[in-house]
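Letter by letter, the chains look like this.
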Amino acid sequence: MSVGVVRETVLSTLREALEDARASGDLKLTTLPALVLDVPKKTAWGDLATTVAMNLAASERRAPHEIAEIIAGRLRSHPEVLERIDVAPPGYINLTVKRDLWFRVLAEIEAQGEQYGRSTLGLGKRVLLEFVSANPTGPLHVGHGRGAAVGGALANLLQAIGYEVTTEYYINDAGRQVRLMAASVTAVQNPPEDGYKGAYIADLAKQLHDRQQAGDLRSGLSESEVAEWACSQLLQGIKTDLRAFNISFDRWFSEQKDLFDSGAVSQALGWLKEKGYLFEQDGALWFKSTAFGDDKDRVVRKQDGEYTYLASDIAYHRNKLDRGYDLLINIWGADHHGYIPRMQAVVQAFGCPKDRLKVVLVQIVNLLRGGQRVTMSKRAGEMITLREVVEEVGADAAKFIFLTRRADSQLDFDLEVAKQQSAENPVYYVQYAHARVASLFRVAAERGVPVQRTSKVDWSVLSSPDDLELIKPLAEYPALVEASAQALEPHRLTYYLQELAARLHAYYYKHRILPPALEQELDNKDNLKASAQETDRERKRETLTPALTAARLCLFRNVQSVIRNGLGILGVSAPERM
RNA sequence: GCGCCCGUAGCUCAGUUGGAUAGAGCGUCGGGCUUCGAACCCGCAGGUCGCAGGUUCAAGUCCUGCCGGGCGCACCA
């Protein structure tokens, strides 16, 4: 089952109904339309709805509601799947799923465990996901953190739908910026005009001096030797910070070693030249990117003989393509969006469709503290680093908040809110739901309440609408993971988890799961305060049988399981207690 | 000037790839712990989806033009 037992079952029933209608001549159906099931906004409109009748109206040349009635009639011969089929104007078909089918979702979750929500859509396809890729000229800041969170979640999402994912960090350890950084370290008292400032530069300078005094490093290093040393120092820091943020990479790809030293740059450019995509003009070497839809042609080697950044990127993407990936995904800062057309031109020059490369843009993070903007100036080296944020608010909170907005919209990140363990902080809301269920099972164990497997549970006792409202999102989870992965939008999962947690909390408050510890508690139910609200009284009036306890425990365990799986994809922990 | 992204409740944002009467959190106001975790729950109020056209049976979503904001437009990275 790729999108869950309920959707799969209903979809195949719908498909069958359409084929029947075609066979009998009621519908022409020259082509079978794509079948889509929506979750209606209102529960009164059923569990699932399809707009297929409206979409067919033009090709069938009939009124949507007539088509809907034909399909609905066929569907009504499947009472084992659909309890109720309604046609609503102008041509919606609203479906109410048979109750038994919902309970099969719980069995499915229990059987699949950590595998629940995974599918095989991307099976056999390999994707290279490149992200963060910050220059090794300084520590990672919050913006990089957001890119890391998005990249990590995306890697997990794509893996969940069956892709074979390789994550990669591209190290820009060649070129001007690195030389500038090295020069800033060497001449720390008298830094170059546009050089790097910041305390970490002074630290590196001191460390370099100390090491040379101690004889660990020889004195009189050349500029490129200083650069190499400083880069590796900074890269170690970056790796440490990412590890603390719980983000890992399969490969660290060095511009200097893997592209220049290996000859990949000249090789890739040579290939382009052979194909006629390079030309010389004004003493520079140009890539004819306009041949592939770019605004203007781009320089790859400057008059002074130095390669531009694009030259490296051409070689890098050639290398990626040569490694045989079906899809390349790059995660970039949104300020680099103008770079997309030329990189897609590169991909096309190498004979691939331009959408072989997809770019996810990540917008800036506005760092706040108690509503006040924290000012940052890269020039002066005043940056709040990722390390500082993770140390202050924790990796889970930082990650979750980074993923609460779509990647390409700006994000306000308030350090005080992120630290707060309150309702304002969505990560705790979701984690609390998980911990709460864990706690429930601890208490159940203490009191000797048996926990049964799904197959042993009598589902008929879960007769309230609240039960179904908690199960339905569980059934949607696989479809959500699939859609979220395909759209490259992990924030959808973040929203989903908040919604699921909300339903769990509401249910938990309203209904009792375990029998009271003491007999006398049952006698206290007459002592209710007059002000108690309707739901309170309902809850207290409910008679709790062992069968009901067993069913609810089972339901909760499966909700917990889905929350855990979802948090896992986001890279956020699911604590047993908080 | 050209290109890309964005204008949705007081604030911050979702909106299932074009579907039904546009949602959530925060904030305001008002309620709720003798119980299994109150890091929680329930309720009230809050909208001309920037504006104007167009396509469609159907537009917050697509096309055009304005208005307003962000970001790009290097032989920088």
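Residues numbered from 1 in each chain as written. Chains lettered and ligands numbered in written order. Predicted model: local features only at pLDDT ≥ 70, side-chain atom pairs only at ≥ 80, totals over all residues. Heavy atoms only, no water.

(A) Local environment of the overall build of chain A. Regarding its fold elements, chain A presents 20 helices and 14 strands. C-alpha atoms of chain A, sized along the principal axes, occupy 85 × 70 × 40 Å. Counting across all 578 residues of chain A, residues that qualify as buried make up 49%. Taken as a whole, chain A presents about 27,500 Å² of accessible surface, with 48% of it coming from carbon and sulfur. Each charge sign in chain A was given a centre, from 71 positive and 75 negative side chains, and these centres are 2 Å apart. (Helix = DSSP H or I, 4+ residues; strand = E, 2+ residues; numbered from the N terminus. Buried < 20%, exposed > 50% of the residue type's maximum accessible area, 1.4 Å probe, protein only. Areas by Shrake-Rupley, 256 points an atom, 1.4 Å probe, with all protein chains shown as cover. Lys, Arg positive; Asp, Glu negative; His and termini not counted. Charge placed at Lys NZ, Arg CZ, Asp CG, Glu CD.)

(B) Summary view of the sheet that holds strand β1 (residues 48-50). The strand order β1-β3-β2 describes an open sheet built from three strands, whose pairing is antiparallel. Single-partner strands in this sheet number two, and they are β1 and β2 (82-88). Mean inter-strand twist for the sheet, computed between neighbouring axes without regard to direction, equals 20°. Taken together, the six bridges between β2 and strand β3 (residues 92-97) define a ladder with antiparallel strand orientation. Counted as the bridge partner of R84 is T96 from β3. (Pairing = 2+ DSSP bridges. Axes fitted to C-alpha atoms, helices over the stretch in contact; angles between N-to-C directions.)

(C) Just the packing of aromatic side chains, in detail. Summed over all chains, the structure comprises 19 aromatic pairs. Arranged with centres 4.3 Å apart and planes meeting at 10°, the rings of Y170 and Y316 form a pair that is stacked. Linking Y170 in strand β5 (residues 164-171) with Y316 in helix α11 (residues 309-322), this pair joins segments that are 146 residues apart in sequence. Residues Y170 and Y316 agree in their burial class; the two are buried. Aromatic rings pair up to connect F131, Y169, F249 and W252 into one cluster. (Phe/Tyr/Trp six-rings, centres within 6.5 Å; stacked < 30°, edge-to-face > 60°.)

(D) View of the sheet that holds strand β9 (residues 298-301). Spatially, the three strands line up as an open sheet ordered β7-β8-β9, and their pairing is antiparallel. Edge positions in the sheet fall to β7 (278-281) and β9, since each has one partner strand and no second. Direction aside, neighbouring strands of the sheet carry axes that sit 45° apart on average. Relative to strand β8 (residues 284-287), β7 runs antiparallel, the two sharing four bridges.

(E) Representation of the domain arrangement of chain A within the structure. Here chain A is described as being made up of domain 1 (5-97), domain 2 (126-362) and domain 3 (426-520 + 532-570). Distance between the C-alpha centres of domain 1 and domain 3: 31 Å. Contact residues are listed per partner, giving six residues for domain 1 and five residues for domain 3. Considering only the surface of domain 1 that becomes buried against domain 3, R7, T43 and D47 emerge as the three largest contributors, covering 72% of it. On inspection of domain 1 and its partner domain 3, the count reaches two salt bridges. Across the pair E476 and R7 runs a salt bridge, and its minimum N-O distance is 2.5 Å. Counting every contact that joins domain 1 to domain 3 gives two residue pairs in polar contact (both at pLDDT 80 or more). Per-class residue counts for the side of domain 1 that touches domain 3 are three nonpolar, one polar and two charged. (Domains from an automatic or database assignment. Contact = heavy atoms within 4.5 Å. Buried area = accessible area lost by both parts, 1.4 Å probe. Salt bridge = Lys/Arg side-chain N within 4 Å of Asp/Glu carboxyl O. Polar contact = N/O pair within 3.5 Å; in protein donor to acceptor, adjacent residues only side chain to side chain. Nonpolar A, V, L, I, M, F, W, Y, C, P; charged D, E, K, R; others polar.)

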